[in-house]
Amino acid sequence: MRKPDKEEQILTLLKTSRENYVSGEYLSRKFGISRTAIWKHVHALMDQGYKIDSQANAGYKLLVLPDKVLAAEIQYGLETVYIGQELYCFNEAGSTNELAMKLTEGAVSEGSVVIAERQSAGKGRLGRKWSSPPGTGLWFSVILKPKIHPQHSAKLTFISGLAVLDAIKTVTGLKAGLKWPNDVLLNGKKVCGILAEIKAGPDVIKYQVLGIGVNVNLNKSELPESLRGLATSLSIETKMEVPRIKLLQEILKNIEAGYELFKKEGFNPFLCRWKENNVTLNKEVKVSGLLESFEGLALDIDEDCALILRLRSGEKKRVLSGDVS
Ligand code: BT5
């Protein structure tokens, strides 16, 4: 677990006494550094976006927290044992999935999270682009080491989808839906996409990176024009600013709880819940794959996360990947 530095310790102390001023002298005694050093740390915090009032005879008082994906904010009140306890935060990244995959080349701990304020090359499946403007979304990747066969990797995408759906409900009260195979929708529009990538041997996954993009406080103009009819954000749906860090903490907590349950009890409880919350089944759909497309009634999703279609010919077809429309 990351050890908080002096700056973060000062911040934590200011957070625990939000109602009162804390004197420079007290801070200086508590941390065994000069009042000038305290002043410098406080200014460094202000540079990061913390609004701190400073009064010559009273000391410092924390007024406003920045809405930024800073390690100190994410880990303050984070209720997980290992997911998000190791954090790699960036103001800008190409793609957090790319960075996370790179980290798996070294000795990275399970549960590490890479997060960026904006991505310049955010990606979806099959090399598609994921729009990730600054300051308004959650663009992050979780690194896991599930000891499962590579063909079961989609199960963790389903578990993450449920984690996002539950977090959205907790933080905003909104009921989202899950669209096969990797989308979370609100009112029929995409609010979150999940991109799972693996590093695996023939029989077992070594690392799985779960890349999650959630449109939190994007307004319509921040979505690419071509997506405005298809995508939405939590703030568009609630007409309110949504606390990004709180949402992230909930998602990480839910992923950890889900992953632990999956290891103990297997996939069945998740498959049932996923189906209860899905928006794909019992509809006439077109599934476009890389090489083929199929049209038919979406009948079921099996234990390998495959979509079962009844084609117009009456034949049943099992589809493992593709885009549903
Ligand atoms: C996905 O792919 O939905 C997976 C998206 C994963 C993004 C996260 S962000 C953190 C991590 N780092 C990365 O680089 N990626 C992950 P797919 O099902 O292929 O959907 C991609 C399609 O979604 C695009 O072709 C657009 O049509 C649409 N799209 C792009 N940006 C969007 C956005 N912000 N909101 C909703 N839809 C979007």
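Just above sits the structure.
Residues numbered from 1 in each chain as written. Predicted model: local features only at pLDDT ≥ 70, side-chain atom pairs only at ≥ 80, totals over all residues. Heavy atoms only, no water.

Draft legend 1. Summary view of the overall build of the protein chain. Within the protein chain, the secondary structure is distributed over nine helices and 14 strands. Taking 2.2 N^0.38 as the reference for a compact globule, 325 residues should give roughly 20 Å; the C-alpha atoms of the protein chain span a radius of gyration of 22 Å, in line with that estimate. For the C-alpha atoms alone, the extent of the protein chain along its principal axes is close to 80 × 40 × 30 Å. A separation threshold of at least 6 residues defines the contact pool for the protein chain, and within that pool the share at least 24 residues apart is 61%. As displayed, the protein chain has an accessible area near 15,800 Å², and 52% of this comes from carbon and sulfur atoms. Averaging the locations of the 45 positively and 38 negatively charged side chains of the protein chain gives two centres separated by 1 Å. (Helix = DSSP H or I, 4+ residues; strand = E, 2+ residues; numbered from the N terminus. Rg over C-alpha atoms; globule rule 2.2 N^0.38 Å. Contact = heavy atoms within 4.5 Å. Areas by Shrake-Rupley, 256 points an atom, 1.4 Å probe, with all protein chains shown as cover. Lys, Arg positive; Asp, Glu negative; His and termini not counted. Charge placed at Lys NZ, Arg CZ, Asp CG, Glu CD.)

Draft legend 2. Structural context of the sheet that holds strand E10 (residues 284-288). What the five strands build is an open sheet, ordered E13-E12-E11-E10-E14; its pairing is antiparallel. Across the chains shown, the open sheet's two edge strands, defined by having one partner strand only, are strand E13 (316-319) and strand E14 (323-324). By the bridge criterion, five bridges tie E10 to strand E11 (residues 293-301) in an arrangement that is antiparallel. By the bridge assignment for E11, Val287 is matched with Phe294. (Pairing = 2+ DSSP bridges.)

Draft legend 3. Summary view of the sheet that holds strand E9 (residues 205-215). Strand order in the open sheet formed by seven strands is E3-E4-E5-E9-E8-E7-E6, and the pairing between neighbours is mixed. If you trace the sheet from one side to the other, it starts and ends with strand E3 (87-93) and strand E6 (177-179), each paired once. The sheet shows a mean angle of 20° between the axes of neighbouring strands, taken without regard to direction. Pairing geometry for strand E4 (residues 113-119) and strand E5 (residues 137-144), over four bridges, is antiparallel. Across the sheet, residue Val113 finds its bridge partner in E5, namely Val142. (Axes fitted to C-alpha atoms, helices over the stretch in contact; angles between N-to-C directions.)

Draft legend 4. Inspection of the pairing of E13 at higher detail. Summarising the sheet, strand E12 (residues 307-311) and E13 pair through four bridges and their orientation is antiparallel. The residue bridging Leu309 from the neighbouring strand is Lys317, located in E13. Taking the residues that link successive antiparallel strands as the turn, the E12-E13 hairpin has four residues, and the phi of Gly314 there is positive, at about 95°.

Draft legend 5. Region of the structure containing the nonpolar core. By size, the foremost hydrophobic cluster in this structure holds 62 residues, and its most contacted members are Leu138 and Phe140. At nine residues, the largest contribution of residues to this core is made by helix H6 (residues 154-172). Shared between two domains, this core takes at least three residues from each, and those domains are domain 2 (71-276) and domain 3 (284-324). If we ignore the near neighbours within four places in the chain, the residues touching Phe140 are Thr96, Val113, Val114, Ile115, Leu210, Gly211, Ile212, Leu248, Ile251 and Leu252. In terms of nonpolar packing, the next biggest core, distinct from the first, is built from 16 residues, Leu27, Phe31, Ile52 and Tyr60 among them. (Core = buried A, V, L, I, M, F, W, Y, C linked by side-chain atoms within 4.5 Å. Buried < 20%, exposed > 50% of the residue type's maximum accessible area, 1.4 Å probe, protein only. Domains from an automatic or database assignment.)

Draft legend 6. Broad picture of the pairing of E5. Counting buried positions along E5 yields eight of eight residues, so the element is predominantly enclosed. Covered by surrounding structure in E5 are Gly137, Trp139, Ser141 and Ile143 together with Leu138, Phe140, Val142 and Leu144, the residues of both alternating faces. Pairing geometry for E5 and E9, over eight bridges, is antiparallel. From the neighbouring strand, Gly137 faces E9, where its bridge partner is Asn215.

Draft legend 7. Seen up close, the site of the ligand. The environment of the ligand is made up of 27 residues, and the closest members are Ser95, Lys123, Arg125, Lys190 and Asn215. One nitrogen or oxygen atom from the main chain of Asn97 is found 3.5 Å from a nitrogen atom belonging to the ligand. Within the backbone of Lys123, an N or O atom sits 2.8 Å from an oxygen atom of the ligand. Coverage of the ligand by the protein chains reaches 91% of its 800 Å² of free accessible surface. Where the shell around the ligand is concerned, the elements lending two or more residues are helix H5 (96-103), E5, strand E8 (189-200) and E9. Tallied by class, residues from the shell around the ligand come to eight nonpolar, 13 polar and six charged. (Near = heavy atom within 4 Å. Polar contact = N/O pair within 3.5 Å; in protein donor to acceptor, adjacent residues only side chain to side chain. Nonpolar A, V, L, I, M, F, W, Y, C, P; charged D, E, K, R; others polar.)

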